[in-house]
Amino acid sequence: MCLPGYYEYSCRVKIVAGHDALERIPDLLRRLGARRPLLVTDRGVAGAGLVGILREAMGERLEIGAVADDVPPDSDLEAVNRLAVLYRESGCDALIALGGGSVMDTAKGINILVSERGDDLLKFSGAGTLKRPLKPLIAVPTTAGTGSEVTLVAVIKDRQRRLKMAFVSYFLLPDAAILDSRMTLSLPAPITAATGMDALSHAVEAYYCLGKNPLSDVTALAAIRLIGGNLLNVVHNPSDREGRLAMANAAALAGMAFSNSMVGMVHALGHAVGSVCGLPHGVCMAILLPYGLEYNRHKREAVMGELLFPIGGPEIYGKTAPEDRTGRVIAYIRQLNEDLHAATGGRHARFFGEIRDREGNHAAPRRRLPEIARTALGDGAIFYNPEDLDYDDLLMVLEAAWEGMPLDSGRIRKG
Amino acid sequence: MESFREIPAGGKPVKRAYVALMLWFVGRAIQAAARVDEAVGEEFAALPEGFAFSLEVLPGGPAMIVGKDEDGRVRYRGWRPAGRRLDLRMKIKNLEGALLMFTFQESTATATARDRLIVDGEVPAARAVVRILDRVEVYLLPKIVAKLAVKRYPDWPWQEKIANRLRIYAGAILGFP
Amino acid sequence: MFRSAHSFVFRSPTKVLSGARALENLPVELAGMDARRPLVLATADLAARGMERVMTAAFADSGLTVGFLAGVPARPDRELVRDLYGLYRDRGCDSLIALGSGPTPAVAKALNIALSGKPEDLEAAAAGALEDGRPRPLAAIPSLDVSGYEMTRYAELASLSLTAPTAIPGLLVLDRRTVPAEDRKTTAAAALLTLTQALEALLHPDRNHLTNAYAHGAARFVMENLRTALKKPAEGKSRLALANAAFFAQTAFDNLSGGKIFCLGLAISRRCALSPGLIMGLLLPHGLLMEMDREEDPGKDLLLAVGGMDDHALTGKGPGVRKAVDRVVELLLELQSLIPEYPRGIRDIGLRRDDLEELPDAVGEVAGRGTLDPSEVRYLLDKAWETRF
């Protein structure tokens, strides 16, 4: 196990997992001194009937102060301000965030405003501005992927001023993350596949990037083992409660790992494809993950080889010579993408070139790759990538990922 | 409680002076490199008009500030960040962390991975500044040291590297704009 | 297929700073919690070993004023907590730093409970009924001679045994300067105690993915670093790894409960002069063998933790527990050859045959115990009594 010269790790979120984890919420809130939460969610989640399941699980034991089910797909300032008013007017004293990354970020933003009694969120942006615990916040993720239920960051868009505000503080961490199999049972197969690959990319990058540490390692390994054993299965059998719970656990474990170790070029490129072309994050992660391994391989061969143990299982690991292990890991992840492609009737994409929008055009057109590469150059995840990347390197990787071809190792400039 | 003692935190004058000197030198070297090295010049050109950044040591300095003038010229602007408008502040959490960086025991990448820095400002700008710092380090340091400081040591033509190195050193020491 | 066997709750409220110049990062962390006047507690012994100087140097240039109290006795009591309460208030302190292991963090936790809530909270914590509250910032800087309780909800004082989840230190600082080399016996005892907590967590009926992950990390660090820490005590990295391991194992332990080897080791140590960790080392192989007839799955995880990936992969479908026990016995024999005064069995430590009758009940007094079957405890005792390694 690695012990870096220096590391920091923290995950203060209480993890509550199980098929009946929701039922614990009233008691959790009571212990935190709260009795009237604002439920923050979005239309999709409400439409899938998850608010109903949550309400039923609360029964008479908890009064929900108000339900805000109109959080936009990209968390923005307008929603945060509006819902902070709703929180105050409804006499709430805590928050429940039910949804994916955007709902979590919105709830964190509301929490800053209502706890600090402020009306200008911008004053609290950046790191280190929050010094006190905020109101109780319970996170209930409804996809098994982003891991934002255990992260200390919130990104909120200010559309008027055209900027993205980032908030970083340990006080933004939810008090508890509720991992309940009922919340992901109705997730469609392609989203299950993409979010599962998102979680895998968190864990794999956490394990080979520069910020790795012993606790991010053990949580990443546990996550990879769960994903390797369950992802394909839940795509085939969506109503498998055990598999769903395992994936929810995996996503939270991967979230703990990457929020403490940070991630590398796969995320830098993925964020850029997302912001330039609007592709879902998980889709980008699935496509780009093998390239992160290929590109950094010469710097991280031994560490990457260890991943064969949780991904392929002990037998395959034992039978593979150490110098062949990284190659097997990359092949395994490519095969997983192929299997998910088959299992979703071709809706899980393997490379950018095969993604089409409703009109049948490329959703990520090849001519936009230079713009994507330039955007990725400004992404903070590159700090944590083992090998350096300039514009040409990023473009080379994007070209390969567009075509679905492995990287030409001769073109990787090794430092 | 006879064994109780109150200990006011002392200072570390020698370490402070060393880090202050290094920051001063790096700041002036960036000013020189912006004119001498094409890539550094381009990085600055791409940053917004009037852009200024600091590299500071918490809690109370030392620090260095570099910024673009109205005419686009890059200048070292001293060591006092207080009261200035800065687009980007890169703060090293303490003097010992700064010392690890400026004695080249930890590269910028390692220091970042080890949470030694707090970045206040836009991340793309911070990325640009780190790319600039990396290039300046390659000029200032002998290859054996610079190889540890940057992730990938560039393969520049040696004649050009030596010529630019001399000009940047001269510019940093003499401070001509 | 790897599955979540049941529902679980896991919590670790600690932020860890580990490695080069970790101590110098403490002022920034305290400032982030609005704390500027910490009260540092330490034993006189640790202060005499130069720790006060190390702390002062670390806080230089931070602008903070540090109150330093170097007089925590080996068995702190309620009176000390009361005195410290007055001192903390009089001096206007706003946070606590527990320097060292054993009694110091115990008294710091008790003091924090008293400071952070109502005066009767200490009584509630003594009854195990204190579940909430917002504690003052408490940073732990443990040394290698761990009791196993430092980073847990438990605080053992003379005639006062506290249990409060909020007592767990919010910050943990591990720096090779703050884990000075101990003598071989102390280092080995601490590592074996850590290994016991880790392996019993891996076998615990309520174990979950997170306790497994932490326990796995702890066991790997002990197995990979203990030998170096003993043979080259000046080498700081292996000491730091052992200190990390202690934190990981204690976190797993805190989220589950103590198993029979841990509890029996502590109970026996109260009747003889040997430290709990060394006793646990003598019990460990027997305790693990008792698991052999149970399931297959934890055996594999056990071997992965003790032997690592390659050892596990080479074993194939064979019995995991058996091989894990072999590895533990190998370690034990090596420790005994390095430490001549390490007894060969529990018969050699001043324990009497009569004690075997009383010990299964005495186990009930150990803080953090789980539900233990007295007949299993007795079986373990008998096995250990019969064996000399």
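Definitions and cut-offs
- Residues numbered from 1 in each chain as written.
- Chains lettered and ligands numbered in written order.
- Predicted model: local features only at pLDDT ≥ 70, side-chain atom pairs only at ≥ 80, totals over all residues.
- Heavy atoms only, no water.
- Helix = DSSP H or I, 4+ residues; strand = E, 2+ residues; numbered from the N terminus.
- Buried < 20%, exposed > 50% of the residue type's maximum accessible area, 1.4 Å probe, protein only.
- Contact = heavy atoms within 4.5 Å.
- Areas by Shrake-Rupley, 256 points an atom, 1.4 Å probe, with all protein chains shown as cover.
- Rg over C-alpha atoms; globule rule 2.2 N^0.38 Å.
- Buried area = accessible area lost by both parts, 1.4 Å probe.
- Salt bridge = Lys/Arg side-chain N within 4 Å of Asp/Glu carboxyl O.
- Nonpolar A, V, L, I, M, F, W, Y, C, P; charged D, E, K, R; others polar.
- Pairing = 2+ DSSP bridges.
- Patch = residues over 30% accessible without salt bridge, like charges linked within 9 Å, V, L, I, M, F, W, Y side chains within 5 Å.
- Domains from an automatic or database assignment.
- Polar contact = N/O pair within 3.5 Å; in protein donor to acceptor, adjacent residues only side chain to side chain.
- Axes fitted to C-alpha atoms, helices over the stretch in contact; angles between N-to-C directions.
- Core = buried A, V, L, I, M, F, W, Y, C linked by side-chain atoms within 4.5 Å.
- Phe/Tyr/Trp six-rings, centres within 6.5 Å; stacked < 30°, edge-to-face > 60°.
- Lys NZ or Arg CZ within 6 Å of the ring centre and 35° of its normal.

**Description of the overall build of chain C**
On a plain count of helices and strands, chain C comes out with 14 helices and eight strands. Principal-axis analysis of the C-alpha atoms places the extent of chain C at approximately 60 × 45 × 40 Å. When each of the 389 residues of chain C is scored for burial, the buried share is 65%. Across chain C, the fraction of contacts at a sequence separation of at least 24, relative to all contacts at a separation of at least 6, is 79%. Only carbon and sulfur atoms are counted for the fraction: they give 50% of the accessible area of chain C, which is about 13,500 Å².

**Here's the deal with the overall build of chain B**
Helix and strand counts for chain B come out as seven helices and six strands. Ordered by position in the sequence, the α and β elements of chain B form the string β-α-α-β-β-β-β-α-α-β-α-α-α. The C-alpha radius of gyration computed for chain B amounts to 17 Å, which stays within 12% of the reference 16 Å derived for 177 residues, consistent with globular compactness. Every one of the 177 residues in chain B was classed for burial, and the buried ones make up 53%. For chain B, restricting intrachain contacts to residue pairs at least 6 apart in sequence, the fraction spanning at least 24 positions comes to 65%. Here chain B has roughly 8,400 Å² of accessible surface; of this, 58% comes from carbon and sulfur atoms.

**Considerations on the interface of chain A and chain C**
Taken residue by residue, the interface counts 52 residues in chain A and 51 residues in chain C. Both sides together, the interface formed by chain A and chain C hides about 4,400 Å², and carbon and sulfur atoms give 57% of it. Sorting the residues of chain A by area buried against chain C places M1, L3 and R225 of chain A first, and these three jointly supply 16% of that buried surface. If you look at where chain A meets chain C, you find three salt bridges. Across the pair E8 of chain A and K15 of chain C runs a salt bridge, and its minimum N-O distance is 3.6 Å. Looking at the side of chain A that touches chain C, the elements that each hand over two or more residues are strand 1 (6-18), helix 7 (214-236), helix 8 (241-261) and helix 12 (314-319) of chain A. Broken down by element, the residue count for the side of chain A that touches chain C peaks at 13 residues, all from strand 1 of chain A. Within the side of chain A that touches chain C, the residues separate by chemical class into 29 nonpolar, ten polar and 13 charged. Pairing analysis gives nine bridges linking strand 1 of chain A to strand 1 (residues 8-19) of chain C, with the strands arranged antiparallel. Looking across to strand 1 of chain C, one finds that Y6 of chain A is bridged to G19 of chain C.

**Considering a nonpolar patch on the surface**
Residues and elements named next belong to chain A. A cluster of nonpolar side chains, V153, V155 and V168, forms an exposed patch at the surface whose accessible area comes to about 170 Å². Mapped onto the elements of the fold, V155 is located in strand 7 (residues 153-158). In this structure V155 comes out as partly exposed when scored by relative accessible area, which is 33%.

**Notes on the domain arrangement of chain C**
Quoted interface sizes are often the accessible area lost when the parts come together. Residue and element names in this part refer to chain C. Each domain of chain C was delimited in the assignment, giving domain 1 (15-174) and domain 2 (184-386). Relative to domain 2, the C-alpha centre of domain 1 lies at a distance of 28 Å. Carbon and sulfur atoms make up 65% of the area that domain 1 and domain 2 hide from each other, which totals about 1,700 Å². Linking domain 1 with domain 2 are one salt bridge, by the criterion used here. Counting across the interface, domain 1 meets domain 2 through six residue pairs in polar contact (both at pLDDT 80 or more). Here the side of domain 1 that touches domain 2 gets three residues from one element, more than from any other, and that element is strand 1. Each residue belonging to the side of domain 1 that touches domain 2 can be placed in one class, and the counts come to nine nonpolar, six polar and four charged.

**Re the interface of chain B and chain A**
In this complex, chain B contributes 17 residues to the contact, which on the side of chain A involves 26 residues. Each partner contributes to the roughly 1,800 Å² buried at the junction of chain B and chain A, and carbon and sulfur atoms together form 51% of this total. When residues of chain B are sorted by the area they lose upon contact with chain A, R127, K151 and R152 of chain B head the list and together hold 44% of the total. Tallying contributions element by element places helix 5 (residues 123-140) of chain B first for the side of chain B that touches chain A, with six residues. Residue classes in the side of chain B that touches chain A are distributed as seven nonpolar, one polar and nine charged.

**Here we look at the pairing of strand 6 (residues 137-141) of chain A**
Among the five residues that make up strand 6 of chain A, five are buried, leaving the element largely enclosed by the rest of the structure. Of the two faces of strand 6 of chain A, the one holding L137, A139 and P141 of chain A and the one holding I138 and V140 of chain A are both buried throughout.

**Description of the pairing of strand 5 (residues 88-92) of chain B**
Residue and element names in this part refer to chain B. Counting buried residues along strand 5, four of its five residues qualify, which places the element largely inside the surrounding structure. Here strand 2 (residues 52-57) pairs with strand 5 via five bridges, running parallel. Its bridge partner being in strand 5, F53 is matched across the sheet by L88.

**Regarding the side chain of S102 of chain A**
Among the structural elements, S102 of chain A can be located in helix 5 (residues 101-116). S102 of chain A has contacts with V71, P72, P73, D74 and S75 of chain A, leaving out every residue within four places of it along the chain.

**Points about the sheet that holds strand 8 (residues 163-168) of chain A**
Residue and element names in this part refer to chain A. The three strands are arranged 5-8-7 in an open sheet whose pairing can be described as mixed. Only two strands of the sheet have a single partner each, and these edge strands are strand 5 (126-127) and strand 7. In this structure, strand 7 lies alongside strand 8, joined through six bridges in antiparallel fashion. Considered in strand 8, the bridge of I156 is made with M165. Taken strand by strand, helix 5 contacts strand 7 and strand 8, and its axis lies near 85° from that of strand 7.

**Some thoughts on the nonpolar core**
In terms of nonpolar packing, the biggest core is built from 195 residues, with I15 and F352 of chain A together with L199, I268 and I346 of chain C touching the most fellow members. Apart from the residues within four sequence positions on either side, I268 of chain C is in contact with I279, L283, I349, L351, L359 and L381 of chain C. Membership of the second largest hydrophobic core comes to 47 residues, among which are A29, M101, F102 and L133 of chain B.

**What about the packing of aromatic side chains?**
Scanning all chains against the criterion turns up 14 aromatic pairs over all chains. Centroid distance W24 of chain B to F25 of chain B: 6.5 Å. Interplanar angle 50°. Geometry classified as tilted. Between Y149 of chain C and F262 of chain C, the ring centres sit 6.0 Å apart and the planes meet at 85°, which makes this aromatic pair edge-to-face. Residue Y149 of chain C is found in the loop between strand 5 (138-141) and strand 6 (154-157), and its partner F262 of chain C is found in helix 9 (residues 260-269); the two are separated by 113 residues along the sequence. Residue Y149 of chain C shares its accessibility class with F262 of chain C, and that shared class is buried. Over the ring of Y291 of chain A we find R334 of chain A; its NZ or CZ atom is 5.0 Å from the centre of that ring. The ring of F383 of chain A is capped by R127 of chain B, whose NZ or CZ atom sits 5.1 Å from the centre of that ring.

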